[in-house]
Amino acid sequence: MTLTDRQQEVLDFLRDYQGETGVSPSTREIQQHFGFASQTAAMSHLRALEKKGALQRMPRKARAVRLADAGDSSVVELPIYGRIAAGLAELTEQDAEGKVTVDRLLVRPSARHRSFALRVRGDSMTGAQIRDGDLVILEAKEARENDIVAALIDGETTLKRLIVENGLPFLRAENPAYRDLVPLEELVVQGVMVGLIRAGGR
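Quick notes on the rules
Residues numbered from 1 in each chain as written. Predicted model: local features only at pLDDT ≥ 70, side-chain atom pairs only at ≥ 80, totals over all residues. Heavy atoms only, no water. Phe/Tyr/Trp six-rings, centres within 6.5 Å; stacked < 30°, edge-to-face > 60°. Helix = DSSP H or I, 4+ residues; strand = E, 2+ residues; numbered from the N terminus. Buried < 20%, exposed > 50% of the residue type's maximum accessible area, 1.4 Å probe, protein only. Axes fitted to C-alpha atoms, helices over the stretch in contact; angles between N-to-C directions. Parallel < 35°, antiparallel > 145°, perpendicular 65-115°, else oblique. Contact = heavy atoms within 4.5 Å. Nonpolar A, V, L, I, M, F, W, Y, C, P; charged D, E, K, R; others polar. Salt bridge = Lys/Arg side-chain N within 4 Å of Asp/Glu carboxyl O. Arc of directions from axis to C-beta.

Draft legend 1. View of the packing of aromatic side chains. Inspection of the entire model under this criterion finds 2 aromatic pairs. Each ring, one from F13 and one from F34, has its centre 5.7 Å from the other, and the planes form 85°; the classification is edge-to-face. You can see F13 sitting in helix α1 (residues 5–21) and its partner F34 sitting in helix α2 (residues 27–34), a full 21 residues away along the chain. When sorted by exposure, F13 lands in the same class as F34, which is buried. Ring plane angle 15° and centroid distance 5.5 Å describe the contact between F34 and F36, whose orientation is recorded as stacked. For the pair formed by F34 and F36, the shared burial category is buried. Feature note: the residues F13, F34 and F36 constitute an aromatic cluster, connected by ring pairs.

Draft legend 2. Structural context of the packing of α2 against helix α3 (residues 39–51). Between α2 and α3, the shortest axis-to-axis distance is 8 Å and the interhelical angle comes to 100°. Accordingly, the angle class assigned to the pair α2 and α3 is roughly perpendicular. Here T27, R28, I30 and Q31 of α2 lie close against α3, whose contacting residues are Q39, A42, M43 and L46. Residue classes in the contact of α2 with α3 are distributed as 4 nonpolar, 3 polar and 1 charged.

Draft legend 3. Region of the structure containing the pattern of salt bridges. Tallied over the entire structure, the rule returns 5 salt bridges. Among the ionic pairs, R161 bridges to E174, the shortest N-O distance being 2.5 Å. With R161 in strand β8 (residues 156–165) and E174 in the loop between β9 (168–172) and β10 (187–197), this pair connects stretches of sequence that are 13 residues apart. Taking the shortest distance from any N to any O, the salt bridge between E165 and R172 comes out at 3.9 Å. On the accessibility criterion, R172 (31% relative accessible area) is partly exposed. Residues joined in a network through salt bridges with shared partners are E165, R172 and D180.

Draft legend 4. Molecular detail of unusual backbone geometry. The phi torsion at Q129 lies on the positive side, around 65°, for a residue other than glycine. Relative to the assigned elements, Q129 resides in the loop between β5 (115–121) and β6 (135–139).

Draft legend 5. Looking closely at the side chain of Q31. With respect to the helices and strands, Q31 occurs in helix α2. Taking the relative accessible area as the measure of exposure, Q31 reaches 14% and is therefore buried. With residues near it in sequence (within four places) discarded, Q31 still touches F36, A37, S38, Q39 and A42.

Draft legend 6. Structural view of α2. Among the residues of α2, T27, I30, Q31 and F34 are the ones counted as buried. Mapping the buried residues of α2 onto a view down its axis gives an arc of 100°, with all of them on the same face. In the stretch just after α2, G35 is the one whose phi turns positive, near 75°.

Draft legend 7. Focus on the environment of Q8. With respect to the helices and strands, the residue Q8 is situated in helix α1. A relative accessible area of 27% places Q8 in the partly exposed class. Considered as a pair, Q8 and A54 are 46 residues apart in the sequence and their alpha carbons are 9.5 Å apart.

Laid out in structure tokens, this is it:
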């Protein structure tokens, strides 16, 4: 069974959604997740997956989809979007410099949120065991206080811990040699760290 890239993405979304909620997503949720122009496009992908044997739709039952074994689903490939400073804030590259294969059981990236990787540069997060050259796996989702995040602060991107005091968010390093970063104008979380891959397997 050979799937197109989009069909594999839809299948991964179905699998992760079922794993998190216990039910399959509706065609409208599939449409919204992938930005399809209509629910018809979502239905077309489901029919294609069914035709290829990747899933079985249960007749006359809403949200009833049984997934077949579509190959090696224990790993997923994520794009690496350049480097991120774990030191002074620094702009990151916008284009992927490659991909990394991630064990789903290790970091469990979710198809409901865009997942990506960034390579760490600097030593400001060593207290959290994040070192220069490591790869951090992130999800583009809402951050909570104390999450380690990739954040855009006053036009520059950095990896730090999100702190909120008196209702005001700022970023804190995990190295006492670095000061807190308090936004002058804006602080936008771009991704929440969900996993870590050591540089050189160390």
